[in-house]
Amino acid sequence: MLDLKFIRENTDIVKKGIIAKRCEDNIDAILALDNQRRTLIGEGEGLKAKRNEVSAKVGAMKKAGQDAATVIEEMNSVKSRIQQIDEELKTVEEKLEELLLTVPNIPHPSVPVGSTPEDNKTIFEWGEHPKADFPLKPHWEITSKLGIIDFDRGSKVSGAGFPFYVGKAATLQRALINFFLDQAAEHGYVELQAPIVVNKDSARGTGQIPDKEDMMYVATRDELYMIPTAEVPVTNFHRKETFEEKDLPVKYAGYTPCFRREAGSYGKDVRGLNRLHQFDKVELVKFVHPSTSYDELESLRADAERLLQLLGLPYRVLLMCTGDMGFTQTKKYDLEVWAAGQQKWLEVSSCSNFETFQSRRMQIKYKSRETGKPEFVHTLNGSGLALPRIVAALIENNQTPEGKVIVPKVLQQYTRFAVIE
RNA sequence: GGAGAGGUGUCUGAGUGGUUGAAAGAGCCAGUCUCGAAAACUGGAAUAGUCGCAAGGCUAUCGAGGGUUCGAAUCCCUCCCUCUCCGCCA
């Protein structure tokens, strides 16, 4: 959510941002409602001031044993007018709130303007695409032959997109989680084990509600939302809190299962592990001083990239264009890993700066030494990393002609086996 | 799930309808004193909205949201959370 005052004072910038992000422009309606709101506040508060003044007088009169009946009588009309104004104000503010939630975050100037994925810029590529003198298979063929991922039983037990990982695939996942968390800890992230269902306020805080409500599974009976990413509980960890400036940046790494309904996305892009309803992910979250947030974005990206390099997975970095980057971000990098069996790039991480978009919704501040006042922190997050596609790429890139899979060196201390066969 | 108690500012804690944005103490910041520190003393210090060039004014905020009243931290209702006991249970 953007600051109303910011919109009022920077209308042009906001409008340009909306166009760049290809969102609906409600700014004029917002400004009109804001005017209406302030008029109502002006009148209402004037009357309330009068009410308070008279009420004090009534108290004094009663104490002095005087009859206050006529004064009280007079206040009745003021009272009903106040009620009327408060009601109008409530309606106006609800409408205003609704429209404010449709205003996207403004892209950073360094973000390329564009509307489709073709307009994203590949800014970095690492590693060689594996070559082989035998046909490279997609991971689902390999795992099916090895019997290590059971999609059919997953469908029976839960539904499509909820596979079982069996034996060494399960161990491999556990190894990756530990590897990712250890790496994060080494680079200053505090490990956090978070709830995997959250309440409505939390879902709203990180922006899943209202604009992405359909992505989540909901336990309606208890009004709990299953998290689509650890970003939700981990960022909300500090909701309505104020940091000391000297404590920034604050960094967390959280491993959780993630749940996504992915409604309406079927077809051949979603085979195997490419897209699931439940998957594991380690998420990196930072709360930082506004002056450092773009440097922190780069280091966040570096933290995610390092994992791919250590695993020896070829990848590329995309700088997302304005139209493809999403509602809440000001700047976003996607990391895509090369899956040799499918001959496809798979997104495994997305690193974003939200500036104050989330912290304003969540009221996460720091006490500024400069102004002595609480100011909003900038929040960032990035996957470090999402498991299934990493597993897919590892299997496809490290397959042998016999259909076995070689485990990367860095993982072997965690898996305690070197080959999946 | 059942029964009870409770949620007040950074903390402890007073306050059951009328200058209570809120006593008191601690802590914090500044100053006086001191060679310096401690102690003592003096002063300062919330957040948001709104009006104003500003100084500053006004409004709201005592878990959240409603209600009663001329007036609510104080009374009523709903919800949330914490604690104690019981039940159930990984």
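These figures come from a predicted structure and were not determined experimentally.

A.B. asks: I keep staring at the overall build of chain A and nothing clicks. Help me out?
C.D. replies: Of regular secondary structure, chain A possesses 13 helices and 18 strands. Dimensions along the principal axes, computed over C-alpha positions, put chain A at roughly 100 × 45 × 45 Å. The buried share among the 421 residues of chain A stands at 38%.

A.B. asks: Help me understand the protein's contact with RNA strand B in this model?
C.D. replies: Of all residues adjacent to RNA strand B, which total 19 residues, the nearest are Ala 49, Asn 52, Ser 55, Val 58 and Gly 59. Secondary-structure elements contributing two or more residues to the surface near RNA strand B are helix H3 (27-63) and helix H4 (69-100). Ranked by residue count, the leading element in the surface near RNA strand B is H3, at 13 residues. Residues that form the surface near RNA strand B fall into these classes: seven nonpolar, five polar and seven charged.

A.B. asks: Would you take a moment to explain the nonpolar core for this structure?
C.D. replies: Across soluble globular proteins, you tend to see nonpolar side chains buried next to one another. Ranked by size, the top nonpolar core spans 76 residues in total, and within it Leu 176, Ile 227, Val 337, Leu 385, Ile 390, Val 391 and Ala 393 carry the most contacts. Discounting chain neighbours no more than four positions away, the residues touching Ala 393 are Leu 313, Val 337, Trp 338, Ala 339 and Leu 346. Residues Ile 30, Leu 33, Leu 40 and Val 92 belong to the second largest nonpolar core, which totals six residues.

A.B. asks: Sorry if this is basic, but what is going on with the environment of Glu 355 here?
C.D. replies: You can see Glu 355 is positioned in strand E13 (residues 344-355). Glu 355 sits 335 residues away from Ala 20 along the chain, and the two C-alpha atoms are 17 Å apart. Filtering out sequence-adjacent residues up to four positions away, Glu 355 remains in contact with Asn 105, Ser 293, Thr 330 and His 378.

A.B. asks: So what exactly am I meant to see when it comes to helix H10 (residues 293-311) here?
C.D. replies: An α-helix turns once per 3.6 residues; consequently, residues spaced three or four apart project the same way. The first and last C-alpha atoms of H10 sit 28 Å apart over 19 residues, in line with the 27 Å expected at 1.5 Å per residue. Within H10 the residues assigned to the buried category are Ser 293, Glu 296, Leu 297, Leu 300, Arg 301, Asp 303, Ala 304, Glu 305, Leu 307, Leu 308 and Leu 311. Positive backbone phi, approximately 70 degrees, marks Gly 312, located one or two places after H10.

What counts and how
- Residues numbered from 1 in each chain as written.
- Chains lettered and ligands numbered in written order.
- Predicted model: local features only at pLDDT ≥ 70, side-chain atom pairs only at ≥ 80, totals over all residues.
- Helix = DSSP H or I, 4+ residues; strand = E, 2+ residues; numbered from the N terminus.
- Buried ≥ 20, exposed ≤ 12 C-beta atoms within 10 Å, placed from the backbone.
- Near = placed C-beta within 6 Å.
- Nonpolar A, V, L, I, M, F, W, Y, C, P; charged D, E, K, R; others polar.
- Core = buried A, V, L, I, M, F, W, Y, C linked by C-beta atoms within 7 Å.
- Contact = placed C-beta atoms within 7 Å.
- Expected span 1.5 Å × (residues − 1).

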